[in-house]
Amino acid sequence: MHLLYLHGFASSPESGKADYLRGRLAPRGIPLTAPDFNEPDFSSLTVGRMLEQVRAALATLSPGPVGLIGSSLGGFVAIHAAASQAADAAHPIARLVLLAPAVDFASGRDGWLTDAELDRWRTTGWRDVFHHALGRSVPLHYGFYTDGRRFDAFAARFDAPALVFQGEQDTVVNPMRVREWAAQRANVRVRMLPDDHRLQAHLDAIWTESAAFLGVPGE
């Protein structure tokens, strides 16, 4: 199975989670494909563009099933990639591992923007966002928000089995909403962990369960 990692918002393919997974997969001779959603530039980022980048990344792979691993906003994109069958017939999306997936992104239900902040963003067209991978603030166009509103994770459906890891102390993604999203889907299993959004304290446990779920050879 090909493995595709979708990084989170204002992150990169070289994030801590991506590097951790590469370190685990490399001794097994399994590459981890990870599109860079900051390309061609972060300021013009949209969910639609991210989905196109997923399709482009899949097109570079030899025929075979694909396992999508999505973190935060990358998890949101993975849900929609599976729902739209972004893979062609040669690259069926067979499994999903979702790490604190941002199921309420741009829905108005997650509270990551106040009304005043949204108003200012709409009026000026830009919002400064701290980019964790770059270590500085970068302006993000309002089109990111308007495009994101076209996608609803609660309406999206896919048949592939999915394993979700969610921190109970997550203040970025609402754990209750992740539970509600998963409860509507018989093909989704949720593992709640005593952790925050980054899930750093449980990477080993996440790896062990994910490897078994994805069919990755053991030690």
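Above this text is the structure in question.
Worth saying up front: this structure is predicted, and the values here are computed from it rather than measured.

Conventions we followed
Residues numbered from 1 in each chain as written. Predicted model: local features only at pLDDT ≥ 70, side-chain atom pairs only at ≥ 80, totals over all residues. Heavy atoms only, no water. Helix = DSSP H or I, 4+ residues; strand = E, 2+ residues; numbered from the N terminus. Rg over C-alpha atoms; globule rule 2.2 N^0.38 Å. Buried < 20%, exposed > 50% of the residue type's maximum accessible area, 1.4 Å probe, protein only. Contact = heavy atoms within 4.5 Å. Areas by Shrake-Rupley, 256 points an atom, 1.4 Å probe, with all protein chains shown as cover. Lys, Arg positive; Asp, Glu negative; His and termini not counted. Charge placed at Lys NZ, Arg CZ, Asp CG, Glu CD. Pairing = 2+ DSSP bridges. 1 Å grid on protein atoms, 1.4 Å probe; cavity = no way out; pocket = protein on both sides within 12 Å on 5 of 7 lines; lining within 4 Å. Points joined across faces, edges and corners; volume = space filled by probe spheres on them. Nonpolar A, V, L, I, M, F, W, Y, C, P; charged D, E, K, R; others polar. Phe/Tyr/Trp six-rings, centres within 6.5 Å; stacked < 30°, edge-to-face > 60°. Lys NZ or Arg CZ within 6 Å of the ring centre and 35° of its normal.

Caption draft 1: Structural context of the overall build of the protein chain. Helices and strands together make up the secondary structure of the protein chain, namely seven helices and eight strands. Its C-alpha atoms give the protein chain a radius of gyration of 17 Å, within 12% of the compact-globule value 17 Å for 219 residues. Overall size of the protein chain, expressed as C-alpha extent along the three principal axes, is 50 × 35 × 35 Å. Across the 219 residues of the protein chain, 53% fall into the buried class. The long-range share in the protein chain, meaning contacts at least 24 apart out of those at least 6 apart in sequence, stands at 75%. As displayed, the protein chain offers around 9900 Å² of accessible surface, 53% of which is attributable to carbon and sulfur atoms. Once the 21 positive and 24 negative side-chain charges of the protein chain are each reduced to a mean point, those two points are 3 Å apart.

Caption draft 2: Main features of the sheet that holds strand β8 (residues 188-193). Strand order across the open sheet formed by six strands is β2-β1-β3-β4-β7-β8, with parallel pairing between neighbours. Two strands close off the open sheet at either side, each with one partner strand: β2 (32-33) and β8. Inspection of the sheet shows strand β1 (residues 2-6) paired to strand β3 (residues 66-71) by five bridges, in the parallel sense. Residue pairing in the sheet places Tyr5 in a bridge with Ile69 of β3.

Caption draft 3: Here's a closer look at the pairing of strand β4 (residues 93-99). With respect to burial, β4 is a largely interior element, five of its seven residues being buried. Inspection of the sheet shows β3 paired to β4 by six bridges, in the parallel sense. Within β4, the residue paired with Leu68 across the bridge is Leu96. Bridging between β4 and strand β7 (residues 162-167) involves four bridges; their strand directions are parallel. The residue bridging Leu98 from the neighbouring strand is Val164, located in β7.

Caption draft 4: Just the layout of surface pockets, in detail. In this structure, the largest pocket spans a volume of roughly 930 Å³. Lining the largest pocket are 35 residues, and of these Phe9, Ser72, His132, Val172 and His197 lie nearest its centre. Sorting the residues of the lining of the largest pocket by element identifies α1 (16-25) and β5 (126-131) as the ones contributing at least two each. Looking at the lining of the largest pocket, the element that brings in the most residues is β5, giving four residues. Classifying every residue of the lining of the largest pocket gives 14 nonpolar, 13 polar and eight charged.

Caption draft 5: View of the packing of aromatic side chains. Evaluation of the coordinates by the stated rule reveals eight aromatic pairs. Seen in terms of ring centroids, Trp121 and Tyr145 are 6.0 Å apart; in terms of plane orientation they differ by 50 degrees. Their pairing is tilted. On the criterion of sequence distance, the pair formed by Trp121 in helix α4 (residues 115-124) and Tyr145 in helix α5 (residues 143-148) is long-range, its members being 24 residues apart. When sorted by exposure, Trp121 lands in the same class as Tyr145, which is buried. Ring geometry for Phe158 and Trp181: centres 6.4 Å apart, planes at 35 degrees, overall tilted. Taken together, the residues span a long stretch of sequence, with Phe158 in the loop between α5 and β7 and Trp181 in helix α6 (residues 175-183) at a distance of 23 residues. By the burial criterion, Phe158 is buried, and Trp181 matches it. Taken together, the ring pairs connect Phe9, Phe42, Phe76, Phe105 and Phe144 into an aromatic cluster. One residue, Arg95, lies across the ring of Phe213, its end atom 4.7 Å from the ring centre. A cation over a ring is seen here: Arg127 above Trp121, with NZ or CZ 6.0 Å from the ring centre.

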